[in-house]
Amino acid sequence: MVNWTEMDQQVKAWIMEAGAFIRESFQHSLSIQTKSNPNDLVTNIDEETERFFISNIRKTYPSHFILGEEGQGDELSSLDGIVWIIDPIDGTMNFIHQQRHFAISIGIYEDGVGRLGYIYDVTHDELYYAKRGSGAFMNDVQLPALSEVTLEKSLIAVNATWLVKNAYFDEKRLVSLATTVRGVRSYGSAALELAYVASGRLDSYLTMRLSPWDFAAGKILVEEVGGNVTALSGKELDMMKTTSVFAGAPGLHKRILTDFLLEK
Ligand code: IPD
Ligand code: CA
Ligand code: CA
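Reading guide: rules and limits
- Residues numbered from 1 in each chain as written.
- Chains lettered and ligands numbered in written order.
- Predicted model: local features only at pLDDT ≥ 70, side-chain atom pairs only at ≥ 80, totals over all residues.
- Heavy atoms only, no water.
- Helix = DSSP H or I, 4+ residues; strand = E, 2+ residues; numbered from the N terminus.
- Buried < 20%, exposed > 50% of the residue type's maximum accessible area, 1.4 Å probe, protein only.
- Contact = heavy atoms within 4.5 Å.
- UniProt positions renumbered as here; feature names shortened; annotations may be inferred.
- Core = buried A, V, L, I, M, F, W, Y, C linked by side-chain atoms within 4.5 Å.
- Domains from an automatic or database assignment.
- Phe/Tyr/Trp six-rings, centres within 6.5 Å; stacked < 30°, edge-to-face > 60°.
- Lys NZ or Arg CZ within 6 Å of the ring centre and 35° of its normal.

**Comments concerning the environment of Gly107**
(1) Moving on: Residue placement: Gly107 occurs in strand 5 (residues 103–110).
(2) Moving on: The exposure class of Gly107 is buried, given its relative accessible area of 0%.
(3) Moving on: Separated by 21 residues in sequence, Gly107 and Ile86 have C-alpha atoms that sit 6.7 Å apart.
(4) Moving on: The residues contacting Gly107, other than those within four sequence positions of it, are Val83, Trp84, Ile85, Leu116, Gly117, Ala216, Ala217 and Ile220.

Laid out in structure tokens, this is it:
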């Protein structure tokens, strides 16, 4: 039997320790490498932070599985059992260039169901977290259920590069959406953008291609406050693959989907 409350306390303690380590790294020069392309970056701090979580999880919860962005976890083909989905630094480019707008993201799933979700804005010391069925919080303040918002008064986030050209979608529809809503933002950290949807700082977030570690925690948070998280097609997210992601407040999610995203 899993003691989720005890695990919640443990994860928070590890996140605080990792956050202090990352803040401390601001004083030192980073070792930066590229991955799939020249703008896909990883630093020694991403790798050390992932290693920190994985060695603690292996010692404390040896029967659990781990999916980690930097590849130090397990090779998994399903979410059977208890699976920790970890992005040690989401928004690495921001971490390197700005020392802000990046987050630690951890989602814990049991047989594919999201149980615990954490997104820690390291620079601002803001921990967004949710325990399925018990509510979502920012630090110790409970986040209210999301209320309905009209399209014209909504503030949304879109990955800016996709507005210009993308291989997946007719960008004209996104441009039409962007010119109908009140405003559009782009922060460069999917995890934070999802945390902002959960906390009402944004009303929706749309992006074309994320990996499970980018959205695992955010999905739990947004759903816990009554929001919707799907692919841009409106279908359920595939947790084992790269996928588009579309999160939104109740009502707004449906309106954007039917008016802008689905083929007419
Ligand atoms: C990236 C960020 C970014 C998103 C990219 C991700 P990383 O994560 O979430 O907002 O647009 O697709 O890869 O590489 O900084 O962990
Ligand atoms: Ca990421
Ligand atoms: Ca990352």
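**Considerations on the side chain of His253**
(1) Moving on: When you line up the elements, His253 lands in helix 8 (residues 252–261).
(2) Moving on: Residue His253 is classed as buried on the basis of its relative accessible area of 6%.
(3) Moving on: The residues contacting His253, other than those within four sequence positions of it, are Asn228, Thr230, Phe246, Ala247 and Gly248.

**Examining the UniProt feature "binding site: Mg(2+) 1" (unreviewed entry) in the protein chain**
(1) Moving on: According to UniProt, the "binding site: Mg(2+) 1" (unreviewed entry) feature falls on Glu69, Asp87, Ile89 and Asp214. Look at the named residues: they lie 146 residues apart in sequence, but the longest C-alpha span between them is just 9.5 Å, so in the fold they bunch up.
(2) Moving on: Considering the arrangement of structural elements, one finds Asp87 in strand 4 (residues 82–90).
(3) Moving on: Judged by relative accessible area, which is 1%, Asp87 ranks as buried.
(4) Moving on: Filtering out sequence-adjacent residues up to four positions away, Asp87 remains in contact with Glu69, Ala103, Ile104, Ser105, Trp213 and Asp214.
(5) Moving on: Relative to the helices and strands, Ile89 resides in strand 4.
(6) Moving on: Setting aside anything within four residues of it in sequence, one finds Ile89 in contact with Ile22, Ile45, Asp46, Glu69, Phe95, Phe102 and Ala103.

**A look at the nonpolar core**
(1) Moving on: Within the largest apolar cluster, 56 residues are counted, with the highest numbers of intra-cluster contacts made by Ile85, Ile119, Leu177, Leu206, Ile256 and Leu261.
(2) Moving on: Tallying contributions element by element places helix 6 (residues 190–198) first for this core, with eight residues.
(3) Moving on: Of the residues that make up this core, three or more belong to each of domain 1 (4–142) and domain 2 (151–261).
(4) Moving on: The next biggest cluster of nonpolar side chains, apart from the first, holds 31 residues, and it includes Ile57, Ile66, Phe102 and Ile108.

**Observations regarding the packing of aromatic side chains**
(1) Moving on: If you walk through the whole model with that rule in mind, you get ten aromatic pairs.
(2) Moving on: Ring centres 6.0 Å apart and planes at 40° place the aromatic pair Trp14 and Trp84 in the tilted group. Placement of Trp14 in helix 1 (residues 4–25) and of Trp84 in strand 4 is noted, with a sequence separation of 70 residues between them. By the burial criterion, Trp14 is buried, and Trp84 matches it.
(3) Moving on: Ring centres 5.0 Å apart and planes at 65° place the aromatic pair Phe95 and Phe102 in the edge-to-face group.
(4) Moving on: Among the residues examined, Phe102 registers a relative accessible area of 0% and is labelled buried.
(5) Moving on: Here a set of aromatic residues connected by ring pairs shows up, and it is made of Trp14, Tyr61 and Trp84.
(6) Moving on: Sitting over the face of the ring of Tyr129, Lys12 holds its NZ or CZ atom 3.7 Å from the ring centroid.

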